[in-house]
Amino acid sequence: MSTHKSIFTAKSGAQAASKTAARKLAGQAGSANIAAVAKGHGANKVASPQAVYTAREQRLRSERSLFSVLLVQGGLTSDMEVVKLVHNRLPVSVIDRLLAEGVTKQEIGLIAPPRTLAHRRANAERLTVEESDRAVRLARVVAQTESVFGNKDKAMNWLRQPMKRFEGETPIEMLATDVGSRLVEEALVQIDEGFFA
C-alpha cells in the first residue's frame, strides 16, 4: 500500500514537473512567435494572442502620441488634461498642426469658419471652448484613423470617402456633431478588429 502511495506521489510530481516545463516552453514559443512576427517571418503561422495584444497596444500608443502632438507641442498624459485644455481654450496653432497632418482648410471649417479663425489669429486670440472641443474631436479622429490604417494618406482618403453606412456622407463630414464622430470612431474600431466598414 505504501509502495502504491509512493508511486502515485512520484507520478504526480513528474506530471507537475512536466506541466511546468510545458508552460515554460509555451512561454518561450510565444516569445519566439512574437519575435518571428516582428521580423516578418512565419507569415503562415497564426500570431499568438500576446502578439496581437502587443500590436494593438502599439497602435493605441501611436494614436495617443499623435493626438497629443496635434493638440500641444508637449505630451498629454490623461483625458483630464484634454478636458482642461478645452476649458482653457486651445491656441490657434492647433489649426496649423492639423493642416500639417493633412486636414484641408475646408475641413478645418468644422472647427470654425475661415474668417473667424483669421480674426482669432490676427488678434492672437485663443479658440472658444466650443471651437476647442471641435478641434479635439477632429484631432482625435485623425489620430485614430492614422493609427488604424498605419498611413496618413490612406487615413485621409478613408475620411474623405462617402459611405453607405453614413447615408452617403464622408466620415469627416460626420464630425460636425459629437454623435456623428462617435459613429466614425465606432466604424474605425470595427475596421481595427477585422470587420468591414
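Residues numbered from 1 in each chain as written. Predicted model: local features only at pLDDT ≥ 70, side-chain atom pairs only at ≥ 80, totals over all residues. Heavy atoms only, no water.

Draft legend 1. The confidence of the model for the protein chain, seen in detail. For the protein chain, per-residue confidence averages 75 on the pLDDT scale, and residues scoring 70 or more make up 60% of the total. Considering only residues more than four positions removed or in separate chains, one finds that residues 2–46, a stretch of pLDDT under 50, has 10 contacts. (pLDDT = per-residue confidence, 0-100. Contact = heavy atoms within 4.5 Å.)

Draft legend 2. Structural detail: the packing of helix 7 (residues 129–149) against helix 10 (residues 178–192). Relative orientation of the contacting elements helix 7 and helix 10 amounts to 10°, with a least axis distance of 10 Å. In terms of orientation, helix 7 lies roughly parallel with respect to helix 10. The handedness of the crossing between helix 7 and helix 10 is left-handed. Residues Arg-137, Arg-140, Val-141, Gln-144, Thr-145, Val-148 and Phe-149 of helix 7 lie in contact with helix 10, whose contacting residues are Asp-178, Ser-181, Val-184, Glu-185, Leu-188, Val-189, Ile-191 and Asp-192. Taken together, the residues that form the contact of helix 7 with helix 10 break down as seven nonpolar, three polar and five charged. (Axes fitted to C-alpha atoms, helices over the stretch in contact; angles between N-to-C directions. Helix = DSSP H or I, 4+ residues; strand = E, 2+ residues; numbered from the N terminus. Parallel < 35°, antiparallel > 145°, perpendicular 65-115°, else oblique. Left-handed = near helix turned anticlockwise from the far one by under 90°. Nonpolar A, V, L, I, M, F, W, Y, C, P; charged D, E, K, R; others polar.)

Draft legend 3. Fine view of the nonpolar core. Counting residues in hydrophobic clusters, the biggest one holds 32 residues, and the most contacted among them are Ile-108, Ile-111, Leu-127, Leu-138 and Val-184. Taken together, the elements giving at least two residues each to this core come down to helix 3 (79–88), helix 4 (93–100), helix 7, helix 8 (152–159), helix 9 (171–174) and helix 10. Considering every element that reaches this core, the biggest residue donor is helix 7, with seven residues. Excluding residues that lie within four positions of it along the chain, Leu-127 makes contacts with Arg-89, Leu-90, Pro-91, Val-92, Val-94, Ile-111, Leu-117, Arg-120, Ser-132 and Ala-135. (Core = buried A, V, L, I, M, F, W, Y, C linked by side-chain atoms within 4.5 Å. Buried < 20%, exposed > 50% of the residue type's maximum accessible area, 1.4 Å probe, protein only.)

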